[in-house]
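The lines below spell out each chain.
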Amino acid sequence: MQTLNTTSPQTIIFDKTNADNLKWKSVRGGAVTLVTQGLKFVLTTGSTMVLARLLTPEDFGLQGMVLAMTGFIALFGDIGLSMATVQRDVITHEQTSTLFWVNAVLGATLAILVGLLAPVLVAFYHEPRLFWMAIGSAATFLIGGLGVQHSALLVREMRFVTLAKIQISSLAVSSTVGIGMAALGCGYWALIGSMVAAPVITVAGMWFSVSWVPGMPRRGYGLRSALHFGGTLTLNNLVVYLGYNMEKILLGRFWGAAALGLYGRAYSLVNLPTTQLHSSIYTVAFPAFSRLQGDLDRLRSSFLKVYATVVSLSIPVTICCILFAGEMIRIALGPKWSQAVPIFRLLGPTVLAFGMINPFGWFLISTGRVGRSFKISLLIAPSVILGILMGLHYGPKGVAFGYSAVMTLLILPVVVWAVHGTGITLSDIFKALKPPALSGLIAAAAGLVFKIILNGPLTPILRLILGLGLVLGLYAWILLIVMRQKDFFADLAKHALRRNQHNTQKTDS
């Protein structure tokens, strides 16, 4: 395990023993984070179901207006320095301490900036209630800046169980705060309260779990290269954010809080499984890819396994979101959210689009190709914004269609550009895609027939349960048995169990 010496300039090194066990750590970490994301999915879905019934679309729309600003500013809270800590082969105590103070000062600066921009937000949306909502949200930057490097060290050491405990605790407490405030009639303030509570618990957990204590900041120690890496990554994230969030800004400005609330809830719900899945795999894949930069064969093999896994899980989610949009919205949000159904369905294809595109971003950044990742972002963002603008005249449904259509059309050019010169070929990608794609086509056809025949006689919840069972069950059977992918996934599970047993024995001894 990497260690930090807080009294001397001892270097943190990813040693050879850890490198030899990287596969085991990665697979076990993947299993842990998948379980974690599953729990987070349950907690998030549960809190969403409750809050959607206690609050109104307008309440969520007001929060969405604030998030349009704070989400943009949050991109500068880290400036990629956590990823610089994880990505480097070697990092010292002095470097990490200096990066900590940079993040802390930056967090305080951004909190002040949010306060200064609150009147601008009010003027842009013509909504006075946003002023104090923005002021309250500023606390998240002040608190969050104190935990960036602690989080990075946990990821670097691949302490995924610890990260899981912190994430679950933070989500549970923040959800409880939000629901409690909503039940007391606090309205949109419940969403702000929940948002502020999350970083408080997260940062407290990080400091408690990491024995490292930052020292005084110092100049030099390779800080410039870390800032260059982080700066390029931040610029990349900035472009991506604008591309993926412009529709929320424009909908709030031209269609109002209620329309934004409908779109925002549909967007959040359709992206919930994607966010949980990608977050869990990214947490493991990024440090693993970073450590394999010098071994091209292992890097290629590891990426293709990750890519096949992400796509295999994204396809059935996409199918279910499109086929059972009405049932999902009715059960998750309630009858007053019926206008979100077509928006949810139109956004369904983005689940697969992100599943096919995002892993290449992880690969490029973890292997130091942040420049290419940024250039690809410059292709994606303007294209998505153009699609949004073309659909804006038609409201939330038009925006959802434009957004989804452009993301789908971008898949091929992005993949071709991303693999160029990396040792990964289009033939490799096609082989990874073929089994889940064919399985998905058959499962989708069966689900469509089911939906047509039994759309009327069954209740929404029974139709959803039976429909999901049919689609997911048939997809799994075809993928694992007919397409002979059983050994691939069984091997992943076997490695995770072996490593878990090995660690348990070491702990017991």
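Going by the structure above, here's the rest.
What you are looking at is a predicted structure, and each value in this text was computed from that prediction instead of being measured. (Residues numbered from 1 in each chain as written. Predicted model: local features only at pLDDT ≥ 70, side-chain atom pairs only at ≥ 80, totals over all residues. Heavy atoms only, no water.)

Draft legend 1. How the structure looks around the overall build of the protein chain. For the protein chain, the count of helices and strands is 20 helices and two strands. For the protein chain, buried positions account for 53% of its 509 residues. Sequence-distant contacts, at least 24 apart, represent 84% of the contacts inside the protein chain between residues at least 6 apart. (Helix = DSSP H or I, 4+ residues; strand = E, 2+ residues; numbered from the N terminus. Buried < 20%, exposed > 50% of the residue type's maximum accessible area, 1.4 Å probe, protein only. Contact = heavy atoms within 4.5 Å.)

Draft legend 2. View of the pattern of salt bridges. One pass over the structure, following the stated rule, counts six salt bridges. The salt bridge partner of Lys248 is Glu247, with a shortest N-O separation of 3.0 Å. Both residues of the pair, Lys248 and Glu247, belong to the buried class. Note that Arg463 and Glu327 form a salt bridge whose closest N and O atoms lie 2.6 Å from each other. (Salt bridge = Lys/Arg side-chain N within 4 Å of Asp/Glu carboxyl O.)

Draft legend 3. Quick look at the packing of helix α6 (residues 130-137) against helix α10 (residues 189-209). At a minimum axis distance of 9 Å, the contact between α6 and α10 shows a crossing angle of 15 degrees. Taken together, the axes of α6 and α10 lie roughly parallel to each other. Pair α6 / α10 crosses with right-handed handedness. Between α6 and α10, the residues in contact are Trp132, Met133, Gly136 and Ser137 and Trp189, Ile192, Met195 and Val196, respectively. (Axes fitted to C-alpha atoms, helices over the stretch in contact; angles between N-to-C directions. Parallel < 35°, antiparallel > 145°, perpendicular 65-115°, else oblique. Left-handed = near helix turned anticlockwise from the far one by under 90°.)

Draft legend 4. Highlighting the packing of aromatic side chains. Overall, the coordinates contain 16 aromatic pairs when judged by the stated rule. With centroids separated by 5.8 Å and ring planes inclined at 70 degrees, the aromatic side chains of Phe100 and Trp207 adopt a geometry described as edge-to-face. In this pair, Phe100 is assigned in helix α5 (residues 93-125) and Trp207 in helix α10, connecting sequence segments 107 residues apart. Through a chain of ring-to-ring contacts, the aromatic side chains of Tyr244, Tyr263, Tyr267, Phe354 and Tyr403 assemble into a single cluster. (Phe/Tyr/Trp six-rings, centres within 6.5 Å; stacked < 30°, edge-to-face > 60°.)

Draft legend 5. Looking closely at unusual backbone geometry. The backbone phi angle of His126 is positive, close to 55 degrees, even though this residue is not glycine. As for its position among the elements, His126 is in the loop between α5 and α6.

Draft legend 6. Focus on a nonpolar patch on the surface. Among the surface-exposed residues, Leu448, Val449, Ile452 and Ile453 lie close enough to one another that they form a single nonpolar patch of about 400 Å² accessible area. Among the structural elements, Val449 can be located in helix α18 (residues 426-453). Residue Val449 is classed as partly exposed on the basis of its relative accessible area of 46%. (Patch = residues over 30% accessible without salt bridge, like charges linked within 9 Å, V, L, I, M, F, W, Y side chains within 5 Å. Areas by Shrake-Rupley, 256 points an atom, 1.4 Å probe, with all protein chains shown as cover.)

Draft legend 7. Structural context of helix α15 (residues 349-366). The terminal C-alpha atoms of α15 lie 27 Å apart, and with 18 residues this matches the ideal 26 Å at 1.5 Å per residue to within 8%. The largest bend in α15 amounts to roughly 30 degrees and is located at Gly355, with the proline Pro359 lying one to four residues further along. By the criterion of burial, α15 is predominantly enclosed, with 14 of the 18 residues buried. Gly368 sits one or two residues past α15 and shows a positive phi near 85 degrees. (Expected span 1.5 Å × (residues − 1). Bend = angle between axes of the 7 residues up to and from the residue.)

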